[in-house]
Amino acid sequence: MLITTKRGKEGKTSISFNVQTGYSEATKRVGMLNSEQYAELILEGAAYRDNLDKTPLDDPDSYTTYVKNDVMGYYSYGEWAKDKSKTYDWQDVVFQRGPYRQADLQIRGGTANTKFFTSFQHLDQTGTVVGNNLQRTTGRLNVDQKANDWLDLGVSLSLSRTYNRRLPDDNAFSNPLQAIALMPMTPFTDPETGLQTGTPPGDVNIPVYYNPLLTVTYGRFAQDVYRTFGNTYFKAKLLPGLTFQTEFGLDYLSQNEESYFQSQTVRNQTRAVRGVGSNYGTFVANYNTNSYFSYNLKKGSHSLNTTLGMQYQQSQAKYNFTEGLDFPSNSYQKIASAATKSGGSSSQTDFRFLSYFLRANYVFKEKYIIYASGRIDASSRFGKNARQGFFPAASAGWIISNESFFEKLPVISFLKLRGSYGIVGNAEIGNFPQLGLFSGDAGYAGAAGQRPSQLSNPDLRWEQTAQLDVGLDFGFFDNRISGEVDYYIKKTDGLLLNVNIPATTGFGSLVKNVGQLENRGWEFVVNSQNLTGAFKWSTNINLALNKGKVTDIQGQIIEGGVSSMNRVEEGYNVGVFYTVEYAGVDPANGNALFYKNTKNADGTFDRSTTANYSEAQRVVVGDPNPDLIFGFTNNFSYKNFDLSVFFNGVQGNQNNIYGMGRYSSASMLYEDNNTIDQLQRWQKPGDITDIPQVRLYRVNGSQASSRYIVDGSYVRLRNVSFGYTLKGNQL
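Below: a short report on this structure. (Residues numbered from 1 in each chain as written. Predicted model: local features only at pLDDT ≥ 70, side-chain atom pairs only at ≥ 80, totals over all residues. Heavy atoms only, no water.)

1. Comments concerning the nonpolar core
Reasoning step 1: Within the largest apolar cluster, 31 residues are counted, with the highest numbers of intra-cluster contacts made by Tyr 38, Ile 42, Val 71, Met 72, Met 183 and Met 668.
Reasoning step 2: Elements that contribute at least two residues to this core include exactly helix 1 (35–53) and helix 2 (63–73).
Reasoning step 3: Discounting chain neighbours no more than four positions away, the residues touching Val 71 are Tyr 38, Ile 42, Tyr 66, Met 183, Glu 671 and Tyr 697. (Core = buried A, V, L, I, M, F, W, Y, C linked by side-chain atoms within 4.5 Å. Buried < 20%, exposed > 50% of the residue type's maximum accessible area, 1.4 Å probe, protein only. Helix = DSSP H or I, 4+ residues; strand = E, 2+ residues; numbered from the N terminus. Contact = heavy atoms within 4.5 Å.)

What follows is the structure in structure tokens.
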């Protein structure tokens, strides 16, 4: 893969200036209960508990009385009893319309020997969730110099600063999106103090959960990033057709993150009684060099291009952290002002890659194409017994439409048959997984100490993926209709996984090469010029169908995700959902039902249902990987006007919503506001529904199950752009 950037060009200096502005906002929100609906459900759940205990609903000790007074009454500051319909939609105060502004300036020009390109950009964007704002300023300069007939020189430099004011703390109960769980009768402000709900000196225990807006108002998290990209090269013509080029690049990152929580956030930040602040520093230096010979030969019907070279990459990252407590006031937010320096650390990590590569491309009569390449890559991330990997690739193509017999087929303007096979390696496993490591954090009672922290694996090697691809490129009617059809098979061997090992080793896991993975699929691209007159209309459609499965992980089973509902297992795709299968609701009593899915003697599954969750066995109930990924774009133009409309989507995958569903779609198991679909719950014998009866503080179908595995298919309007082009004489 080659990455190119804009360069200068010979001629008159050109200046381009572009300004754009707009806004972003959430277009689809989660449907939640209003105050009347919430009261209806929670009182219904309370009545169930009272009837179960044979307690009169108006008894002072009944659940119903408790819910009216100590839940809805208390968390509404007593307002619910006065106006039961008053609703506070917390999504209104956590979502916002986020404006953005961007300005770009580009200057390009040069002479026969010196060419330059420079650009400047400034972006100011506010997020769609409160508490987020990003500003980025970037400058770039590219200069190319022809020193003489045999030597070219060049330099590229990019400098940027990104300042990101984002949410100070994004754990489960302080993220603004968590506000949808708050009761709809809880006001945004404390009626006694006029401050945001939950702000001292008011009652900090209101709302039912921590008010995340307090973190937005009284917390601060600022990320300041400076990044420098630099690259220089020289290219020498050694002989006719033979050149040598060497490049050196630097990517340097300096990142500082500061956070401070005022005392008003003490319900969530328990140590912030007198303020708590932290400072994180990240410094990354990444060096890269390439040197290679290129030989190009064209003689008659023959064309040959070859490249031989090497590449070296070295990266070092340093991290530091410090924390302080007890500040004189909120005017002091730097660690130097903290009375207690409560924490601090520093660390460093490195990696290196060394590669040698050779590639050749041969074309005969502009009809027959053969390509071959080979790479030897060595990485510091692998064991001493398997540090290097060899990755060959080859491909061939036949441009059938250039054959003489194709002149009799004017309908087909282009036809190319191609095939390829290659192996690529994966080393994205972090640094030092192959080494036996010690940590120096085992100090005790003031005495320094160390401990073993990781077992070694000297045989850890590259994960390798071999891919076979067969494709057809086509064009019809002077390429007004064109496209591609591809079929591929990808087989991955030596998956790099963190696998469990016997506890007798003193460790829980070890990174190993375990197992194989296979993916097969089709890819289709169709381009069409539908109208080509004064009014132009073109269409692009792309489709990708993929089926994957794990073919071998040595019998191991790996689980993860929310409540360990994802699984890696032989015979299935990576990350399939593996949990109890939900069977709906018993019409007689409102109990949640589950399929037993126990194995019968003949190997079939028992599909009878049970209300006892522990009697049901877990099975594969869904797959997060889509069967189909697609996108389609329509472009229109008329005179100076242009319009582009882009849709994309996926089909055949499922999503897991149990993270939220176990609280907000759980038949009032807790006091969270619930999703609007809970109104369809079972209420009386004979009701047919898949929402169980509401039972306050009682589990009824809120366990991990396929109830919370939902269809993830979608079609989304991703982008619409409308433009008008001004001609030079209009400016």
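Now that the structure has been shown, the text picks up again.
2. Some details on the sheet that holds strand 26 (residues 592–595)
Note: strands within a sheet are paired through backbone hydrogen bonds, in either parallel or antiparallel orientation.
Reasoning step 1: Reading across from one edge, 25-26-29 is the order of the three strands in this open sheet, with antiparallel pairing throughout. In this open sheet, the two edge strands, each paired with only one partner strand, are strand 25 (582–585) and strand 29 (609–610).
Reasoning step 2: In the sheet, strand 25 pairs with strand 26 via three bridges, with the strands oriented antiparallel. Note that in strand 26 the partner of Gly 584 across the bridge is Leu 593. (Pairing = 2+ DSSP bridges.)

3. Thoughts on the environment of Ala 272
Reasoning step 1: Within the secondary structure layout, Ala 272 lies in the loop between strand 7 (242–261) and strand 8 (276–299).
Reasoning step 2: Linking Ala 272 and Ser 509, residues 237 residues apart in sequence, is a C-alpha distance of 36 Å.
Reasoning step 3: Ignoring sequence-local partners within four residues, the contact set of Ala 272 consists of Phe 261, Gln 262, Ser 263, Thr 265 and Val 266.

4. What to know about the packing of aromatic side chains
Reasoning step 1: Counted according to the given criterion, the structure contains 26 aromatic pairs.
Reasoning step 2: Taken together, Phe 351, Phe 353, Phe 382, Phe 391 and Trp 462 form an aromatic cluster joined through their ring pairs.
Reasoning step 3: Over the ring of Trp 80 we find Lys 84, and its NZ or CZ is 4.7 Å from the ring centre.
Reasoning step 4: Sitting over the face of the ring of Tyr 88, Lys 86 holds its NZ or CZ atom 5.2 Å from the ring centroid. (Phe/Tyr/Trp six-rings, centres within 6.5 Å; stacked < 30°, edge-to-face > 60°. Lys NZ or Arg CZ within 6 Å of the ring centre and 35° of its normal.)

5. Focus on the pairing of strand 11 (residues 368–379)
Consecutive side chains along a regular strand alternate between the two faces of the sheet.
Reasoning step 1: Taken together, the 12 bridges between strand 10 (residues 340–364) and strand 11 define a ladder with antiparallel strand orientation. Paired with Tyr 362 across the bridge in strand 11 is Ile 370.
Reasoning step 2: The antiparallel hairpin formed by strand 10 and strand 11 contains three residues in its connecting segment, where Lys 365 sits at a positive phi of about 55 degrees.
Reasoning step 3: Bridge analysis of strand 11 against strand 12 (residues 388–399) gives 11 bridges, and the strand direction is antiparallel. Paired with Ala 372 across the strands is Ala 394, a residue of strand 12.

6. Focus: helix 2
Residue pairs three or four apart in sequence face the same way in an α-helix, which turns once every 3.6 residues.
Reasoning step 1: Along helix 2, the positions that sit buried rather than exposed are Thr 64, Thr 65, Val 67, Val 71, Met 72 and Gly 73.
Reasoning step 2: Turning to helix 2, the residues buried within the fold contact helix 1.

7. With respect to the layout of surface pockets
Reasoning step 1: Size it by volume and the second largest pocket reaches roughly 1300 Å³.
Reasoning step 2: Elements that contribute at least two residues to the lining of the second largest pocket include exactly strand 1 (11–24), strand 2 (98–110), strand 3 (114–126), strand 34 (709–711) and strand 35 (714–724).
Reasoning step 3: For the lining of the second largest pocket, the element with the most residues is strand 35, which contributes eight residues.
Reasoning step 4: Looking at side-chain class alone, the lining of the second largest pocket contains 12 nonpolar, 13 polar and seven charged residues. (1 Å grid on protein atoms, 1.4 Å probe; cavity = no way out; pocket = protein on both sides within 12 Å on 5 of 7 lines; lining within 4 Å. Points joined across faces, edges and corners; volume = space filled by probe spheres on them. Nonpolar A, V, L, I, M, F, W, Y, C, P; charged D, E, K, R; others polar.)

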